[in-house]
Amino acid sequence: MKQLAVLCAIALIWGCKEQKPAEPSIAETMKTYTIEQMMDNEAIGGGSFSPDKSKMLISSNRSGIYNMYTVPTAGGEMMPVTQSDSSSVFGISYFPKDERMLFRMDGNGDEIYHIYLRDTDGSHKDLTPDEGKRASFYGWTDDKKSFYYTSNKRDERFTDLYEMDLETFTPKMLYQNDDGYFLGGLSEDKKYLPLIKPINTNDSDLFLYGMEDKSLTKINTNQSGNSPEDFSPDGKSMYYTSDDGNEFSQLMKYNIADKTSEKVMTKSWDIMGSYFTENGTYQVTYINEDAKNTIEVMDVASGENIDLPSFDGMAITNVGFSDDEKWMRFYAGGSHTPSNLYVYNLESKEQTKLTDVLNDDIQAQDMVRAEVVRYKSFDGLEIPAIYYLPHQASAETKVPAMVWVHGGPGGQSRQGFNSFLQYMVNHGYAVLAVNNRGSSGYGKTFYKMDDLNHGDKDLKDCVAGKDWLATQPEIDAEKIGIIGGSYGGYMTMAALTFTPEEFDVGVNLFGVTNWIRTLRSIPPWWEAQKEALYLELGDPNSADSVRLREISPLFHTDKVTKPLIVLQGAKDPRVLQVESDEIVAGVRKNGVPVEYVLFEDEGHGFVKKENQIKAYSEALKFLDVHLKGDKGIPIEDGDSMIKETDI
């Protein structure tokens, strides 16, 4: 009887457990957000310590475009420094010994950047006022009495190196670049300047130029990809990355005195960069590990890596140090959360979160954490990709999907937060961000696989991505489109043109449609890399123009049968507005639904929040009608729609 009673009690307990309500799933509690809510996630960047370390100078788009702000390092409210309502303002640095600031600004996306001084009284001055010429900050001198910058004011094709004194703000030319080099960072003693000569889009020769004797020493002995990183604290060697004899870039050290090189660090991924902190206490190294940053900070004296703060589900994506090397600022984020800025005291190990950039209206758990996947292409090649699956997707509730193609050629989709992608996913679209052959980050063999082959095997990789999506139980195989910007926009148009039945819709963000014109009209300041581009893509002024015409969607618009939306910035110096004007006109002749959204005050990509909201909301409405099939959404007649937005 006792045993029976015990069994009855256990049964009663289990019965109570079974009757307890189950926790609701994310799909059941998830909210659907407007584009205004999603784009109200704040984007921040930079991080320059003030001389007294009490605050930091950063850039933020909280006002709708980028402006400069300061934030206390102890935590507190961000304070606006600039209030531009037209061109975005990006902070460069506090002055080393006072609270004046440097910032850069262009003309609504035309990429003609100038360097400006913001004085302590709030006034500002253009320090590089040459009209139509670009300038880039290159760092402070060792004595902090001047700064280096580059400019193409002498010859619009090439950038020369200048030094600007902080007392008189008069520039002095240090190196005249007549041979089309890219410039590395000048050594602290001003004796050596690294020079890079592109061979193709992967390989480059690396030289060390003697500023005193004008000598030129070649560093690499074999054709390979090489990039200067930093000089050792004692000035006796130069660190650089090279993929010589390896699929991935390794960290090398060149000994200046005996002109020998030695390997310092090798990883199974590309080492993207390495530098020493102000006094040489730490060496910071960035590794591109499967489309995300891995950062190592080595204590130079011990040769051991220091422990960095850790976060559940997030990674540290960028670090910087104060001049006294007592403080480190860093960003931490992930595919499901935008990066926030922190400061970390290297002595006390205390950290302080300075920003909270996710919109308060958004539940953090509603954002989707991307998954790295790999699939086989038509020829068996393994293609890496980043997969976003909506919370609401299941085998019973299948969702439409989009293949996302990055810019480039040679770019990479990475595991970072993207408000537009999360907006699409939140509204029930799966996204597969493919890293087709020719993408960076997966070895130089993979990187070179699309040379002189664009619109062919790289496109087949995207089609294979679509086929992979179609096999996933949560995906509606009959509703898969393609989307991308720049080179990704080209791939979108190539897909609709050369494989017209594979994808159901296309979203072209400022994509190339006529390679002959694009390659002939590249900005003059790209002269140093022009020949390298021609080797990868083809020379438009040679017999290559025949093939370039064959792979240019503009000349084959009669093949397009699926709905298309095109978004373009009128100030774009890389992909001219005429590229989008003409592709829209050509496809409309087929009677295909075409929508065109043009922004008069944007360049190569949309920076202003108001324009982002307009662009991405129109893209989603287009997908809801033409891919998801929601005919209840009001939309203008696609055959005649053109929106010219001048905000």
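Before reading further, recall that the structure is shown in the block above.
If you're wondering where the values come from, they're calculated on a predicted model, not measured in any experiment.

Visitor: Looking at this model, I keep getting lost on the pattern of salt bridges. Mind explaining?
Guide: Two side chains that carry opposite charge are able to pair once their charged atoms sit near each other. Scanning the entire structure with this criterion turns up 31 salt bridges. A salt bridge links R157 to D155; the shortest N-O distance between them is 2.8 Å. Given the relative accessible area of 17%, D155 is considered buried. The partner of R374 in a salt bridge is E382, and the shortest N-O contact between them spans 3.7 Å. Judged by relative accessible area, R374 falls into the partly exposed class, the value being 33%. The class of E382 is partly exposed, set by a relative accessible area of 43%. Connected through salt bridges with shared partners, the residues R154, D160 and D178 form a single ionic network.

Visitor: Any chance you could explain the packing of helix α4 (residues 419-426) against helix α12 (residues 609-626) here in plain terms?
Guide: Describing two packed helices takes the angle between their axes plus the distance from one axis to the other. Direction vectors running N to C along α4 and α12 enclose 30°, while the axes themselves pass 11 Å from each other. Considering the angle they form, α4 stands roughly parallel to α12. Crossing angle aside, the handedness with which α4 passes α12 is right-handed. When α4 is examined against α12, the residues F420, Y423 and M424 are found in contact with a partner set consisting of Y616, S617, A619, L620 and L623.

Visitor: Where do I start with a negative patch on the surface in this structure?
Guide: Residues D142, D143, E188, D189, E212 and D213 make up a contiguous surface patch of negative charge. When its relative accessible area of 43% is taken as the criterion, D143 is described as partly exposed.

Visitor: Looking at this structure, how should I read the packing of aromatic side chains?
Guide: The geometry of an aromatic ring pair is captured by two quantities: the separation of the ring centres and the angle between the planes. Here the structure, examined in full by the defined rule, presents 25 aromatic pairs. Between Y66 and F90 the ring centres are 5.0 Å apart and the planes differ by 35°, which places this aromatic pair in the tilted class. Of the two residues, Y66 is situated in the loop between β2 (55-60) and β3 (67-72) and F90 in strand β5 (residues 89-94); the sequence distance between them amounts to 24 residues. Each member of the pair, Y66 as well as F90, is classed as buried. Centroid distance F510 to F606: 5.5 Å. Interplanar angle 85°. Geometry classified as edge-to-face. With a gap of 96 residues between them, F510 in the loop between β34 (506-509) and α8 (515-520) and F606 in the loop between β36 (594-599) and α12 connect regions that are remote in the sequence. In this pair, the class of F510 matches that of F606, namely buried. Connected via pairs of aromatic rings, a cluster forms that spans F95, F137, W140, F147, Y149 and Y162. Across from the ring centre of Y113, 4.3 Å away, lies the NZ or CZ of R104, which sits over that ring. The lysine or arginine in question, K197, covers the ring of Y181, its NZ or CZ lying 5.4 Å from the ring centre.

Visitor: Help me understand the sheet that holds strand β1 (residues 44-49), please; the structure alone is not making it clear to me.
Guide: Working definition: the strands of a sheet are paired by backbone hydrogen bonds and lie parallel or antiparallel to each other. A sheet is described by the order of its strands in space; here four strands give the open sequence β1-β2-β3-β4, paired in antiparallel fashion. On the outer flanks of this sheet lie β1 and β4 (79-80), each paired with one strand and no other.

Visitor: Looking at this structure, I do not really get the sheet that holds strand β26 (residues 327-334). What am I missing?
Guide: Here we have four strands laid out as an open sheet, ordered β25-β26-β27-β28, and antiparallel in their pairing. Where the open sheet ends on each side, the last strands, each with one partner, are β25 (315-321) and β28 (351-353). On average, each strand axis in the sheet is tilted by 25° relative to the strand beside it, whichever way the strands run. Bridge analysis of strand β27 (residues 337-345) against β28 gives three bridges, and the strand direction is antiparallel. Following the sheet pairing, Y342 is matched in β28 by K353.

Visitor: What exactly am I supposed to notice about the pairing of strand β15 (residues 204-210) here?
Guide: On a regular strand, each side chain points to the face opposite its neighbour's, so the side chains alternate between the two faces of the sheet. Burial runs high along β15: seven of the seven residues are buried. When strand β14 (residues 192-198) meets β15, the two strands line up antiparallel, connected through seven bridges. Residue pairing in the sheet places L193 in a bridge with Y209 of β15. Following β15, the chain reverses through five residues before pairing antiparallel with strand β16 (residues 216-218); K214 in that reversal takes a positive phi of roughly 60°.

Visitor: Where do I start with the environment of T141 in this structure?
Guide: Structurally, T141 is set in the loop between β9 (135-140) and β10 (146-151). Residues T141 and I196 lie 55 residues apart in sequence; the distance between their C-alpha atoms is 21 Å. Setting aside residues up to four positions removed in sequence, T141 forms contacts with S146, F147, Y148, E163 and K190. A distance of 3.5 Å separates a polar atom in the side chain of T141 from the backbone nitrogen of K145.

Visitor: Explain the side chain of N340 here, please?
Guide: Summarising the element assignment, N340 is placed in strand β27. For N340, a relative accessible area of 7% gives the class buried. In terms of polar contacts, N340 uses its side chain to reach the backbone amide nitrogen of D356, at 3.2 Å. Once residues lying within four places of it in the same chain are set aside, the contact partners of N340 are F330, Y331, A332, K353, T355, D356 and V357.

Visitor: Would you mind showing me how to read helix α6 (residues 457-471) here?
Guide: Residues that lie three or four places apart on an α-helix share one face, since the helix turns once every 3.6 residues. Taking 1.5 Å as the rise per residue, α6 with 15 residues should run 21 Å; its terminal C-alpha atoms sit 21 Å apart, in good agreement. Check the buried side of α6 and you find it contacts β29 (371-376), β30 (382-388), β31 (399-405), β32 (430-434), β33 (475-485) and α7 (487-498).

Visitor: Help me out: how do you make sense of helix α11 (residues 577-588) in this one?
Guide: With twelve residues, α11 extends 17 Å between its outermost C-alpha atoms, agreeing within 8% with the 16 Å of an ideal straight helix rising 1.5 Å per residue. On its buried face, α11 is in contact with α7, β34, α8, β35 (564-569) and β36.

Visitor: What's the story with the pairing of β2 in this structure? I'm lost.
Guide: Burial of β2 is extensive: five of the six residues sit out of reach of the surface. For β1 and β2, the ladder comprises four bridges, and the chain directions are antiparallel. Bridging from a neighbouring strand, S48 pairs with L57 of β2. Where β1 hands over to β2, the hairpin turn is made up of five residues, of which K53 adopts a positive phi near 65°.

Visitor: I would appreciate a short explanation of empty space enclosed by the protein in the present structure.
Guide: Space left empty within the atom packing is revealed by a probe, the size of a water molecule, rolled over the atoms. Considering all chains together, one arrives at one cavity of 30 Å³ or more under this definition. By volume, the largest cavity is sized at about 30 Å³. Lining the largest cavity are M265, Q283, T285, E296, M298 and N305. Breaking the lining of the largest cavity down by element, the ones donating at least two residues are β22 (282-288) and β23 (293-299). Considered class by class, the residues forming the lining of the largest cavity number two nonpolar, three polar and one charged.

Visitor: Sorry, what's going on with unusual backbone geometry here?
Guide: For residues that are not glycine, phi is negative in most cases, and the peptide bond is trans in most cases. In this structure, P409 follows G408 across a cis peptide bond, with omega equal to 0°. Relative to the helices and strands, P409 resides in the loop between β31 and α4. We note that E325 has phi near 65°; this positive angle belongs to a residue other than glycine. For E325, the location among the structural elements is in the loop between β25 and β26. Positive phi outside glycine occurs at L452, with the angle close to 55°. Structurally, the position occupied by L452 is in the loop between α5 (444-447) and α6. With relative accessibility at 42%, the residue L452 sits in the partly exposed group.

Calculation criteria
- Each chain has its residues counted from 1, running along the sequence as written.
- Local features are withheld for residues below a pLDDT of 70 in this predicted model, meaning they are given only at 70 or higher, and side-chain atom pairs are given and counted only at 80 or more; totals for whole chains, interfaces and linings count all residues.
- Hydrogens and water are ignored here; the side-chain numbers use all heavy atoms of the structure.
- When a carboxyl oxygen of Asp or Glu lies within 4 Å of a side-chain nitrogen of Lys or Arg, that pair is called a salt bridge.
- Whether a residue is buried, partly exposed or exposed follows from its accessible area with a 1.4 Å probe, protein chains only, as a fraction of its type maximum: under 20%, in between, or over 50%, in that order.
- Every axis in this analysis is a line fitted to C-alpha atoms, fitted for helices over the stretch in contact. Angles between the N-to-C directions lie between 0 and 180 degrees.
- Strands here mean DSSP runs of E at least two residues long; helices mean DSSP runs of H or I at least four residues long; both are numbered from the N terminus.
- Each angle is binned into one of four classes, with values under 35 degrees roughly parallel, values over 145 roughly antiparallel, values of 65 to 115 roughly perpendicular, and all other values oblique.
- Take the far helix as your reference; a near helix turned counterclockwise from it by less than a right angle gives a left-handed crossing, and one turned clockwise gives a right-handed crossing.
- Residue contacts are defined here by distance: any two heavy atoms, one from each residue, within 4.5 Å place the two residues in contact.
- A patch is a set of surface residues, each over 30% in relative accessible area and not in a salt bridge, joined within 9 Å for like charges and within 5 Å for the nonpolar side chains Val, Leu, Ile, Met, Phe, Trp and Tyr.
- Residue burial considers only the protein chains on display, and all accessible areas are found by Shrake-Rupley using a 1.4 Å probe.
- As used throughout, the charge tally considers Lys and Arg to be positive and Asp and Glu to be negative, leaving His and the chain termini uncounted.
- Positions of charges follow a simple convention, taking NZ of Lys, CZ of Arg, CG of Asp or CD of Glu.
- Centre distance within 6.5 Å is the pairing criterion for rings of Phe, Tyr and Trp, where only the six-membered ring of Trp is used; planes under 30 degrees apart are then read as stacked, over 60 as edge-to-face, and the remainder as tilted.
- Distance and angle both matter: a charge sits over a ring if NZ of Lys or CZ of Arg is within 6 Å of the ring centre and within 35 degrees of the ring normal.
- Strand pairing is defined by DSSP finding a minimum of two bridges between the two strands.
- Two N or O atoms form a polar contact when they lie within 3.5 Å of each other; inside protein one atom must be a possible hydrogen donor and the other a possible acceptor, and for residues adjacent in sequence the pair counts only when both atoms belong to side chains.
- What a helix should span is 1.5 Å times the count of its residues minus one.
- Here the term cavity refers to a set of points on a 1 Å grid, laid over the protein atoms alone, in which a 1.4 Å probe fits but cannot get out; the term pocket refers to an open set having protein on both sides within 12 Å along at least five of seven lines, with lining residues being those that place an atom within 4 Å of a point.
- Grid points are joined across faces, edges and corners, and a volume is the space filled by probe spheres set on the points.
- Three categories are distinguished: nonpolar for Ala, Val, Leu, Ile, Met, Phe, Trp, Tyr, Cys and Pro, charged for Asp, Glu, Lys and Arg, and polar for the others, with Gly belonging to the last.

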